[in-house]
Structure formats: structure tokens, C-alpha cells
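# Coordinate analysis (summary)
Okay, here's what each chain looks like letter by letter:
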Amino acid sequence: QGHILIANQSGADMHGYTSVPEIIRLKFIDLFAPEDRERVRESIHEVGRTGAMFNSEFLLLKKDGSSFPAEINASILKENNDEPCKIIANIRDISKRKLNEARIIRQSAELKERNSELESLYEISHGIATTHSLDELIASRLRSVTSLSDLFQAEPKAGILLVEGDRLKLAGHLGRHSKNFIKLHEDLKVGECLCGEAVKTGQIIISESSLRDHRHQLKDPDQGDHGHIIMPLKTSTGTLGALYLYLPAVEVKITDRRLQLLKSIASRIALAIESMQRQEKANELAMHDPLTGMANRRLMKIMLAKSFAMSKRTGDPFSLIMLDLDFFKKYNDSFGHTSGDRLLVEIAALIDDEIREVDLAVRYGGEEFLLILPDTDLQAAHEVAERIRARTEATRFDCADSMTTKGITLSLGVVTWDED
């Protein structure tokens, strides 16, 4: 009938009763938490029906109403006629074991999270070492940071903005970004909107809702409501830009550990971008004349080979213009080498203004220049050369002591390659 007939003092103590009579006045089912009582009834019925011993875990109650986990081993006692009459149960408090199990599970989860973090940092670092351009670096790092899939929606969205003067330029993005979004961010100022604020303050910004956060000034209706994590990309020399991550709206739950991971990732990305920018600047300087900014002969050889190979493949002509400033030594002797250098810079700017973006202007040496004109026949190249010659002769150039001079002349030669 479910009454407790016999109990020992340990059983009374376990449930918070001072004496055995207190616990014997109860029904066996009353020792269990309400949510486990139906399962207890089923277990007792099963033991009575089959006579089998059972071992299971339940949530039991103490006198003060608090609960504790216990393991129960129960078996049937029978009358002489082999009818079941009583159940004997050994009850063991397993609170410590459960705490240990929970600790092990928690430690296992933490270890798994740490391993995931280390894998992410390794992937970030490894990817940085194997990229060869800034665009490639940004694209690969965005893929890596969005691989932390528990932070994102089904389609991760992220991007990197880099500082250019007092503006931020969208250097790369991942996920669907509407044309309206791109347009809105074409002229983003440092200090403006969330990304601009992160760059200005150097602080991580976490925003739960783009619609309700007053700091979120550039609102794209195509994007809908969303959350943000925005991390400044800082190095020892300053803040290079910002890394932004889109999150589900109002569901921004980031642990301190995950935030530290994101900070570490942002720091590594910033250092990699800084290194890549230095490398690209060094490469650009190695390929360009330091005075005029024109390509040098090293880049000229590369582009000549490419232009020649392309024309051979397509059959389209390409032309070269070689030009030389007349009497440049006399100009230097008259006005000084500083004025001579200034003239070369102004001539270079004039030439650059007269050619197309696909053309290449080279400072060949001294006062000599060479122009590579892809997909240009002899007549068109001659017209370009004549425009440069005529404009140079008609231009008044600064020389020395606020003086100007006019009538600088050039000698030019034109050559074209075609299938003939």
C-alpha cells in the first residue's frame, strides 16, 4: 500500500528528519520530488509484477522541501505463498557524484571550447602566413572569423573597413550586402555610425538592435533588424579600421571567453593587415620611380612581356611611345637641379593626364619616358604622342624664384606591334 514500515536512522538523516518515527509516518511516494513520483509508481508496479530487482536514479525530498539526487536499489520480498508483500530499498545520496559529473561535463565543454578557440587562432595565423595580397588576406580572415558558427545566423555576415584619412573604406565583406549598404558606406567618416565610433574610441561595440540603437546612424532597410559586434583593428601605431560581425537581433550573448577570443583574432588580423600594407607599399615603391611616381623599368619589363603576350594571343596591336625632354641639361644648368626635378614631376603629371587607365607610363631614366599603350594602333599612338608634345610646349611651368617658363619641347618616337 506504499507505507514505510521500517527505516534506519541513516534514512531519516538523509531526508532531514531527526528520528525514525518521523519518517515512518510518511508514505514512500512522499519521499520523492513531484516530477519523479509517476516514474516511481511505475517502477514499484514493475518490481511487484516481475519480482525483478531494479536500480535507478530519482530526485528525493528533504523535510525542508529541498531536493537531492539519489540512487535506489530495490527488490521484492515475498510471502510463503510466493506472493509479493514488501519492497526493500537501499537509498544512496549521490549529490557529490552528480556534482563531480557536472564538473567533468563542464570541464569537457570548456576544453572543447578552448580547443575550438585554439583551432580558430591557428587557422587565423596559418592563413595570414599563406596569403599574398591584402584582398586575399581580408577575404580569408572573414571566412575564418565567421566559422565561429554559434555566434551567427544561417548566413554569416561580416566585413572590414580600413581607415583612409578621416574616412573608412569598405575593404572587404562576406555574406549578402545590398547595393544600398555599399552606397551608404562609400563616404563613412571616422566617428560616424557604430564602426566609425569603434575606430574613434578604440573600444569594442556590442549592439543588440540596429533599429533601436541610436548610435546606428546608417540604416539599410534591406538588412532588417540585427545585432552587431564591432572590434577596432588596433596595432601599436594606431587603429587601422574595424571588423564588424552581424548577429541576430536582441540575442547577443557573448561569454567573456568568447569576447577575449574575438579580441585576439582582431589583434592578429590588425597586425597582418599592417604587415601586408607595408609589404604592398614596399612592392609598389620597388616598382615605381620615387620622384615622379611613374612605373620604373622593373615594372616596365613585366608589363611589356604581358602586353606582347596578349597581343600575340588576340592579334590586337599595341604601341610604345618613347619621349625625351629637349635640352634638359641646359634647363638644369639655368634653374638648378631642384627646378629640374620639379619639371620632371610636372611633365609626369601631364603625361598621366593624357593617357588611359589601361596605359602605363614609365620613367625610363633621367629625362626619358616610355609609354605602353595596349590595343592601340600606330595612328592612335601618334595622336597621343602629338597631344603630349603640343600640350607640353604650350604649358607654362614653374622654374625658380617664382619664375615660370614656357616652350619646353619634347622629342618623341612611336612604334607599333601588330600581326604584320
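In short, a report on the structure. (Residues numbered from 1 in each chain as written. Predicted model: local features only at pLDDT ≥ 70, side-chain atom pairs only at ≥ 80, totals over all residues. Heavy atoms only, no water.)

## Details of the overall build of the protein chain
Where we set the bar: Helix and strand labels come from DSSP, where a helix needs a run of H or I of at least four residues and a strand needs a run of E of at least two; each type is numbered from the N terminus. Computation of the radius of gyration draws on C-alpha atoms, with the globule rule given as 2.2 Å multiplied by the number of residues to the power 0.38. Every residue pair with non-hydrogen atoms within 4.5 Å of one another is taken to be in contact. With residues, only the protein chains shown are counted as cover, and all accessible areas are computed by Shrake-Rupley using a 1.4 Å probe. Asp and Glu count as negative and Lys and Arg as positive, but His and the ends of the chain are not part of the count. The atom standing in for a charge is NZ when the residue is Lys, CZ when it is Arg, CG when it is Asp and CD when it is Glu.
A count of helical and extended segments in the protein chain gives 12 helices and 15 strands. In summary, the protein chain has a C-alpha radius of gyration of 40 Å against a globular reference of 22 Å for 420 residues, an excess of more than 25%. Overall size of the protein chain, expressed as C-alpha extent along the three principal axes, is 130 × 50 × 35 Å. Residue pairs at least 24 apart in sequence account for 55% of intrachain contacts in the protein chain once pairs closer than 6 positions are excluded. Accessible surface computed for the protein chain: about 24,100 Å², of which carbon and sulfur atoms make up 51%. Side chains of the protein chain give 55 positive and 65 negative charges; the mean places of these two sets differ by 6 Å.

## Observations concerning the nonpolar core
Note the threshold: Remark: nonpolar core denotes a set of buried residues (Ala, Val, Leu, Ile, Met, Phe, Trp, Tyr, Cys) joined through side-chain atoms within 4.5 Å. Using a 1.4 Å probe on the protein chains alone, a residue whose accessible area is under 20% of its type maximum counts as buried, one over 50% counts as exposed, and one in between counts as partly exposed.
One finds Leu323, Leu325, Leu343, Ile351, Phe369, Leu371 and Ile388 to be the most contacted residues of the largest nonpolar core, which totals 25 residues. Elements supplying a minimum of two residues to this core: strand S10 (318–325), helix H10 (328–335), helix H11 (337–354), strand S12 (368–374) and helix H12 (378–394). Apart from residues lying up to four places away in sequence, Leu371 is in contact with Ser319, Leu320, Ile321, Leu323, Ile351, Ile355, Leu360, Ala361 and Ile388. Listed in part, the 24 residues of the second largest apolar core include Leu162, Leu243, Leu247 and Leu261.

## Describing helix H7 (residues 193–201)
Because each turn of an α-helix spans 3.6 residues, side chains separated by three or four positions end up pointing in the same direction. For H7, the full list of buried residues reads Cys193, Leu194, Cys195, Gly196, Ala198 and Val199. Contacts made by the buried residues of H7 are with strand S4 (158–164), strand S5 (167–174), strand S6 (188–189), strand S7 (205–207), strand S8 (227–235) and strand S9 (238–247). In the segment just after H7, Gly202 is the residue with positive phi, at about 75°.

## Considering the sheet that holds S7
Keep this limit in mind: Should DSSP find at least two bridges between two strands, the strands are regarded as paired. Only C-alpha atoms enter the line fits that serve as axes; for helices the fit covers just the stretch in contact. Angles between N-to-C directions range over 0 to 180 degrees.
What the 6 strands build is an open sheet, ordered S6-S5-S4-S9-S8-S7; its pairing is antiparallel. Single-partner strands in this sheet number two, and they are S6 and S7. Pairing geometry for S4 and S9, over 5 bridges, is antiparallel. Looking at S9, one finds that Ala158 is bridged to Leu245. Against the sheet, helix H5 (residues 134–145) engages S4, S5 and S9, with an angle of about 60° to S5.

## A look at a negative patch on the surface
Operational definition: For patches, a residue must show more than 30% relative accessible area and have no salt bridge; joins then use 9 Å for like charges and 5 Å for nonpolar side chains, namely Val, Leu, Ile, Met, Phe, Trp and Tyr. Any Lys or Arg side-chain nitrogen located within 4 Å of an Asp or Glu carboxyl oxygen qualifies as a salt bridge.
On the surface, Asp316, Asp375, Asp377, Glu383, Asp418, Glu419 and Asp420 cluster together into a patch of negative charge. Its location among the elements puts Glu383 in helix H12.

## A look at the side chain of Ser307
Take Ser307: it is sitting in helix H9 (residues 297–314). With relative accessibility at 10%, the residue Ser307 sits in the buried group. Excluding anything up to four places from it in sequence, Ser307 contacts Phe318 and Ile372.

## Describing the pairing of strand S1 (residues 54–61)
Pairing geometry for S1 and strand S2 (residues 67–78), over 8 bridges, is antiparallel. Pairing of Phe58 across the sheet is with Ala70, part of S2. The antiparallel pairing of S1 with S2 creates a hairpin that spans 5 residues between the two strands, and Gly65 there sits at a positive phi of about 95°.

## Focus on the packing of H11 against H12
Using the following cut-off: Roughly parallel here means an angle under 35 degrees, roughly antiparallel means over 145, roughly perpendicular means 65 to 115, and every remaining angle is called oblique. Each crossing is labelled by how the near helix is turned from the far one, with a counterclockwise turn of less than a right angle marking it left-handed and a clockwise turn marking it right-handed.
Here H11 crosses H12 at 140°, and the two axes come no closer than 10 Å. Of the possible angle classes, the one that applies to H11 and H12 is oblique. The handedness of the crossing between H11 and H12 comes out as right-handed. Touching Ile347, Leu350, Ile351, Asp353 and Glu354 of H11 are Val384, Arg387, Ile388, Arg391 and Thr392, all from H12.

Read these as geometric descriptors, not functional statements.
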